[in-house]
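# Results of the structural survey
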Amino acid sequence: MNQTSIKDQQLCWEPNAETEFPHNAFKALNSEGYLIKNIPTAYGGSSLGLGQKTPELLQLLTEIGRRDLAVGRLYEGHINALHLIDLYGDSAQKERYYQEVLDGKRFGIWNTDAPENPVKLVKNGTKNELFGLKIFCSGGLHMQRPIITAATAAGPQMVIIYSEELDNLREDASSWNPLGMKASYSVTIDFSTYCPTTIQLFGAPGDYSTQPHFSTGAIRFAAVQLGGTKALAQCALMHLKKHNRDGDPNQRIRMGKMLILLESGRNWLREAGRIMDNETYADADKINHANMTRCAILDICNNVMHLTEKCVGLAGMMGDHPMQKLHRDLSTYLKQPGPDRALAGVGEWAANVKNSTNTYD
């Protein structure tokens, strides 16, 4: 497929219930070839975001986020997992797992340990055994090939899980009761006594957090967030038009502010994609720009959300108003970990760089 924008193709799907995994969305994404977008072309994909075409990948993530934030969250995890396989998988692993994507399997990333029982990988004779729990496992066992990190003496080891080999009773959704993003179905899973084979272990211990890839991946979820923010702004505008309030001078000012903010976000992502694909930029510069992009888009999303609240008012918080779900999903998804750390990293970079006024010329 030559096209990369679901906006151009008008890809759509019948929505599932808000609390259900979005089966219909992923069926559509698979049938239209979106699950293989960042597989290398040699394996049948389009190589988006693999050192090339990153602006196109970010545009795609934005459009899917605009269609549905929960789907965007899960799809971004799928893209992240395939990127890790490209970076750290050997030829046999790439051959196997890329073929599984071509066959329609969904991948993901689960890296958050339960504080009281983190996941460990133990060698027991000739067997590899896992013990412990992961929390916030997005998509749960509906993601057939999630990648987890497991502690070893040498550092965290990446492991590809075959979800069909896990007992469904190990999946605990009782703690997943968020304000929004319910369909992302982020559950707790117990991996104790699961025994992965050698081909399921990929990369060296510690590879998962290798820079610049670990930090620069933040631009992907920022793209999804911006897409959801576009949908929220469009919803507010439709409300104003429906009630003949779009001509009010104060509403015009708010609409103008929202348009400027969204265009700023689009430009941040476009520049971030350009920098990630340009080998002349140092890793430190790429990390810094990713941190700036993430922080800028977080502010943009929060500001647009506040403006839509003022545009629509209390009506937008009612259960039967389309803005209400968009608002809940966005406010939940914006709670990504480490925003202060990212902003502090920008400040540290600015304090240490020799010529911060002419870095990206």
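Here, the structure is the one placed above.
Let us look at the structure shown here. Being a predicted model, the structure only gives us computed values, none of them experimental. (Residues numbered from 1 in each chain as written. Predicted model: local features only at pLDDT ≥ 70, side-chain atom pairs only at ≥ 80, totals over all residues. Heavy atoms only, no water.)

## Points about the overall build of the chain
The number of helices and strands found in the chain is eleven helices and nine strands. Principal-axis analysis of the C-alpha atoms places the extent of the chain at approximately 75 × 50 × 45 Å. Pairs at least 24 residues apart make up 71% of the contacts formed inside the chain by residues separated by at least 6 positions. Of the roughly 16600 Å² that the chain leaves accessible, carbon and sulfur atoms contribute 52%. When the 37 positive and 39 negative side-chain charges of the chain are each reduced to one mean point, those points stand 5 Å apart. (Helix = DSSP H or I, 4+ residues; strand = E, 2+ residues; numbered from the N terminus. Contact = heavy atoms within 4.5 Å. Areas by Shrake-Rupley, 256 points an atom, 1.4 Å probe, with all protein chains shown as cover. Lys, Arg positive; Asp, Glu negative; His and termini not counted. Charge placed at Lys NZ, Arg CZ, Asp CG, Glu CD.)

## Regarding unusual backbone geometry
With an omega of 10°, the peptide bond running from Gln 211 to Pro 212 counts as cis. Tracing the backbone shows Pro 212 in the loop between strand 9 (201–202) and helix 6 (213–216). In the Ramachandran plot, Thr 193 falls in the positive-phi region, its phi being about 75° despite a non-glycine side chain.

## Concerning the pattern of salt bridges
Overall, the coordinates contain 13 salt bridges when judged by the stated rule. Of the charged contacts in the structure, one is a salt bridge between Arg 66 and Glu 63, with a shortest N-O distance of 2.9 Å. Residue Arg 66 and its partner Glu 63 are located together in helix 3 (residues 54–67), separated by three residues, close to a single helical turn. The partly exposed category is assigned to Arg 66, whose relative accessible area is 26%. (Salt bridge = Lys/Arg side-chain N within 4 Å of Asp/Glu carboxyl O. Buried < 20%, exposed > 50% of the residue type's maximum accessible area, 1.4 Å probe, protein only.)

## Describing the environment of Thr 54
Of note, Thr 54 is situated in helix 3. Filtering out sequence-adjacent residues up to four positions away, Thr 54 remains in contact with Gly 49, Ile 219, Gly 273, Met 276 and Asp 277.

## Here's the deal with helix 7 (residues 218–242)
It helps to recall that an α-helix has 3.6 residues per turn; residues three or four apart then point in one direction. Compared with the 36 Å implied by 1.5 Å per residue over 25 residues, the 36 Å span of helix 7 between its first and last C-alpha is a close match. Once helix 7 ends, the next one or two residues include Asn 244, with phi positive near 55°. (Expected span 1.5 Å × (residues − 1).)

## With respect to the packing of helix 9 (residues 283–312) against helix 11 (residues 339–352)
Contact pair helix 9 / helix 11: the axes reach a minimum separation of 9 Å and the direction vectors enclose 130°. As summarised for this structure, helix 9 and helix 11 are arranged oblique, according to the angle between their axes. The handedness of the crossing between helix 9 and helix 11 is left-handed. In this structure, helix 9 uses Ala 284, Asp 285, Asn 288, Asn 291, Met 292, Arg 294, Cys 295 and Leu 298 to contact helix 11, whose residues at the interface are Pro 339, Ala 342, Leu 343, Gly 345, Val 346 and Trp 349. When its residues are assigned to classes, the contact of helix 9 with helix 11 shows nine nonpolar, three polar and two charged. (Axes fitted to C-alpha atoms, helices over the stretch in contact; angles between N-to-C directions. Parallel < 35°, antiparallel > 145°, perpendicular 65-115°, else oblique. Left-handed = near helix turned anticlockwise from the far one by under 90°. Nonpolar A, V, L, I, M, F, W, Y, C, P; charged D, E, K, R; others polar.)

## What about the sheet that holds strand 9?
If you trace the four strands from one edge of the open sheet to the other, you get 1-5-6-9, paired in mixed fashion. Edge strands, defined here as strands with exactly one partner in the open sheet, are strand 1 (107–110) and strand 9. Here helix 4 (residues 69–88) sits on the sheet and contacts strand 1, strand 5 (145–150), strand 6 (157–160) and strand 9; the angle it forms with strand 1, its principal contact strand, is near 90°. Sheet contacts for helix 5 (residues 91–102): strand 1, strand 5, strand 6 and strand 9; angle to strand 1, the most-contacted strand, approximately 110°. (Pairing = 2+ DSSP bridges.)

## Observations regarding the nonpolar core
Considering soluble globular proteins, one finds that nonpolar side chains tend to be buried as a cluster. Counting 90 residues, the largest nonpolar core has Leu 29, Tyr 75, Ile 85, Leu 130 and Phe 191 as its most contacted members. Here this core gets twelve residues from one element, more than from any other, and that element is helix 7. (Core = buried A, V, L, I, M, F, W, Y, C linked by side-chain atoms within 4.5 Å.)

## Observations concerning the packing of aromatic side chains
Enumeration over the complete set of coordinates arrives at six aromatic pairs. Ring geometry for Tyr 97 against Phe 107: centres 6.3 Å apart, planes inclined by 80°, an arrangement best described as edge-to-face. Note that Tyr 97 is positioned in helix 5 and Phe 107 in strand 1, a separation of ten residues in sequence. Judged by relative accessible area, Phe 107 falls into the buried class, the value being 0%. By the ring-pair criterion, three or more aromatic residues cluster together here, those being Tyr 97, Phe 107 and Tyr 162. (Phe/Tyr/Trp six-rings, centres within 6.5 Å; stacked < 30°, edge-to-face > 60°.)

## Re helix 8 (residues 249–276)
The terminal C-alpha atoms of helix 8 lie 41 Å apart, and with 28 residues this matches the ideal 40 Å at 1.5 Å per residue to within 8%. Taken together, the buried residues of helix 8 touch helix 3, helix 6, helix 7 and helix 9. At the N-terminal end of helix 8, a side-chain oxygen is found 2.9 Å from the backbone nitrogen of Asn 250, two or three residues along, and the residue is Asp 248. (Polar contact = N/O pair within 3.5 Å; in protein donor to acceptor, adjacent residues only side chain to side chain.)

## Some points on a nonpolar patch on the surface
Together, Leu 314, Met 317 and Met 318 line one region of the surface with nonpolar side chains, adding up to about 300 Å² of accessible area. Residue classification places Leu 314 among the exposed positions, given a relative accessible area of 65%. (Patch = residues over 30% accessible without salt bridge, like charges linked within 9 Å, V, L, I, M, F, W, Y side chains within 5 Å.)

## What about the side chain of Ser 138?
With respect to the element layout, Ser 138 can be found in the loop between strand 4 (133–137) and strand 5. Overall, Ser 138 belongs to the buried group, its relative accessible area being 9%. A polar atom in the side chain of Ser 138 sits 3.3 Å from the side chain of Arg 73. Setting aside residues no more than four positions away along its own chain, Ser 138 makes contact with Arg 73, Leu 74, Trp 110, Met 143, Ser 184, Tyr 185 and Ser 186.

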